[in-house]
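What follows is each chain in one-letter form.
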Amino acid sequence: MTIDAKQLYFILDNTPSEQNIMLVGKHGIGKSRILEEYFSARGQKVVTLFLGQMSDPGDLIGLPEKNSKTGRTDFMLPYWFPVDDKPVVLFLDELNRARPEVLQTVMDLTLNRKLAGKSLPKGSRIISAVNNGNEYQLTDLDPALVSRFNIYEFSPTVEDWLEWAKNSEIDNRIISFISENPDFLDEADIQNESDNFERHPDRRSWERTSEIIKKVHNLTNSHRILIGGIIGNRISSLFFEYISQLQFPTAKEVLKGDFENVLQKLETLESINLVELNESIVKYLDYLGKTIGETKVEGENSLSDELNQIFSNLNKYFDFLENENSKELVTHFISLFDSKKYQDAQCLIFERQTDFFYRMFNQLKEF
């Protein structure tokens, strides 16, 4: 059964805590991140254990010690074991990379919710993740262990990731690139032994790329080489070719062009670029106001259609700024009209687009 992120949320909502869940999928698709965000939002602690990194059962159940009262051997509680009696979500990552002796310990944990005789708090959950594919070095799982899980093949969609990326402030250039090239989110190339060190993009690597470039306005060839080590040289070159074609819209394009097409460019811009664009738009309106002031009366009719288009797009641009949920950008745009430097722009709006004039200053009052 293949599921996406929304279907996973439904499964997590409706699966009793005593039933175990296994997610099957490739690395880097966001399994641990989604689980962490889902349960943290509900006030539940997620404990992630990378079973593939454990060398023996003691890494999971704790070290043995002699009980001075009974003379018998007890096990010291491992660092992650809850001692406050609050339920936890135990995420067993890399289950099918674990050593066989570690998997034997997991058997009791998944069946009885016990570890070396100590019970997990009531309501605790156990969720595991396994990789599948010939490119991985994996351990065969005992059918008896597998039978203790509800199993789902997890394959989140590109739309799932794009929605998350927008909410997580992933660089807009990456979001735009993946929107137009969805195959490059998780490149499907199967690596063979000859190219194990050739990087291929996945969701995790795009997130790392965003961390590097999100505060860099002008990316250089050195950045392309740097990013090539994260998403691969081929995709890095394609990404840089793409963003080199993304020209910042001019004020004239915003006010006179097809706004739906311009909007796609606006959504790729960072705040610093929008500040520059705000100033360009007001400068253009100031120039227009000055030009109209010098125009003879008989030329007025020829300007009507053009002004209607400009004012329509101006309202749409202001809608865009408000939808960005940036108080600073909206305030900056409004403040430019209140500057003595652009009095012709202010007169143009006040005389010919009074509704927009009052809309701006009513918005400023709300802030």
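Residues numbered from 1 in each chain as written. Predicted model: local features only at pLDDT ≥ 70, side-chain atom pairs only at ≥ 80, totals over all residues. Heavy atoms only, no water.

A. Quick peek at the overall build of the protein. From N to C terminus, the protein includes 17 helices and ten strands. Seen along its three principal axes, the alpha-carbon backbone of the protein occupies a region of about 105 × 50 × 35 Å. Here the protein holds 367 residues, and 43% of them are scored as buried. Sequence-distant contacts, at least 24 apart, represent 72% of the contacts inside the protein between residues at least 6 apart. (Helix = DSSP H or I, 4+ residues; strand = E, 2+ residues; numbered from the N terminus. Buried < 20%, exposed > 50% of the residue type's maximum accessible area, 1.4 Å probe, protein only. Contact = heavy atoms within 4.5 Å.)

B. Structural view of the pairing of strand 6 (residues 88-93). Counted residue by residue, strand 6 has six buried out of six residues, so it is predominantly covered. By the bridge criterion, six bridges tie strand 3 (residues 45-50) to strand 6 in an arrangement that is parallel. Following the sheet pairing, Thr48 is matched in strand 6 by Phe91. (Pairing = 2+ DSSP bridges.)

C. Fine view of the confidence of the model for the protein. Across the protein, the average pLDDT comes to 83, with 90% of residues at or above 70. Looking across the protein, the model is least confident in helix 17 (residues 354-366), with a mean pLDDT of 71, and most confident in helix 9 (residues 221-231), with 94. Predicted confidence is poor over residues 189-194, with pLDDT under 50, and the contacts of this stretch with residues over four places away or in other chains come to six contacts. (pLDDT = per-residue confidence, 0-100.)

D. Region of interest: the packing of aromatic side chains. The tally for this structure, following the rule as stated, stands at 15 aromatic pairs. Both rings, one in Trp80 and one in Phe81, keep their centres 5.6 Å apart while their planes meet at 45°; by these two values the pair is tilted. For the pair Trp80 and Phe81, a shared accessibility class is recorded, and that class is buried. An angle of 80° between the planes, with centres 5.4 Å apart, marks the rings of Phe333 and Phe337 as edge-to-face. Of this pair, Phe333 and Phe337 both sit in helix 15 (residues 327-337), four residues apart, roughly one helical turn. (Phe/Tyr/Trp six-rings, centres within 6.5 Å; stacked < 30°, edge-to-face > 60°.)

E. How the structure looks around the sheet that holds strand 1 (residues 2-3). With parallel pairing, six strands are arranged side by side in an open sheet as 1-10-2-9-6-3. On the outer flanks of this sheet lie strand 1 and strand 3, each paired with one strand and no other. Both strand 2 (residues 20-24) and strand 10 (residues 149-154) contribute to a ladder of five bridges, which runs parallel. Directly across from Asn20, in strand 10, lies its bridge partner Phe149. Here helix 2 (residues 31-40) sits on the sheet in contact with strand 2, strand 3, strand 6, strand 9 (125-130) and strand 10, set at roughly 160° to strand 9. (Axes fitted to C-alpha atoms, helices over the stretch in contact; angles between N-to-C directions.)

F. Local environment of the side chain of Ser210. Assignment of secondary structure puts Ser210 in helix 8 (residues 203-213). A relative accessible area of 2% means that Ser210 is categorised as buried. Setting aside anything within four residues of it in sequence, one finds Ser210 in contact with Glu169, Ile170, Asp171 and Ile174.

G. Up close: the pattern of salt bridges. Throughout the structure, instances matching the rule amount to eight salt bridges. We note a salt bridge from Arg173 to Asp171, for which the minimum N-O separation is 2.9 Å. Asp171 carries the same exposure label as Arg173, and that label is buried. Notably, a salt bridge pairs Asp186 with Arg203, separated by 2.8 Å at the nearest N-O pair. Linking Asp186 in the loop between helix 7 (172-180) and helix 8 with Arg203 in helix 8, this pair joins segments that are 17 residues apart in sequence. You can call Arg203 buried: its relative accessible area is 6%. One continuous salt-bridge network, built from bridges that share partners, spans Lys6, Asp160 and Glu163. (Salt bridge = Lys/Arg side-chain N within 4 Å of Asp/Glu carboxyl O.)

H. Quick peek at the environment of Cys347. Along the polypeptide, Cys347 turns up in helix 16 (residues 343-352). On the accessibility criterion, Cys347 (39% relative accessible area) is partly exposed. Counting along the chain gives ten residues from Cys347 to Phe337, while the straight-line C-alpha distance between them is 9.2 Å.

I. Seen up close, the environment of Val262. Relative to the assigned elements, Val262 resides in helix 12 (residues 259-266). Looking at Val262, the relative accessible area reads 6%, which means it is buried. As a C-alpha pair, Val262 and Pro249 span 13 residues in sequence and 6.8 Å in three-dimensional space. Apart from the residues lying within four places of it in its own chain, the contact partners of Val262 are Pro249, Glu253 and Val254.

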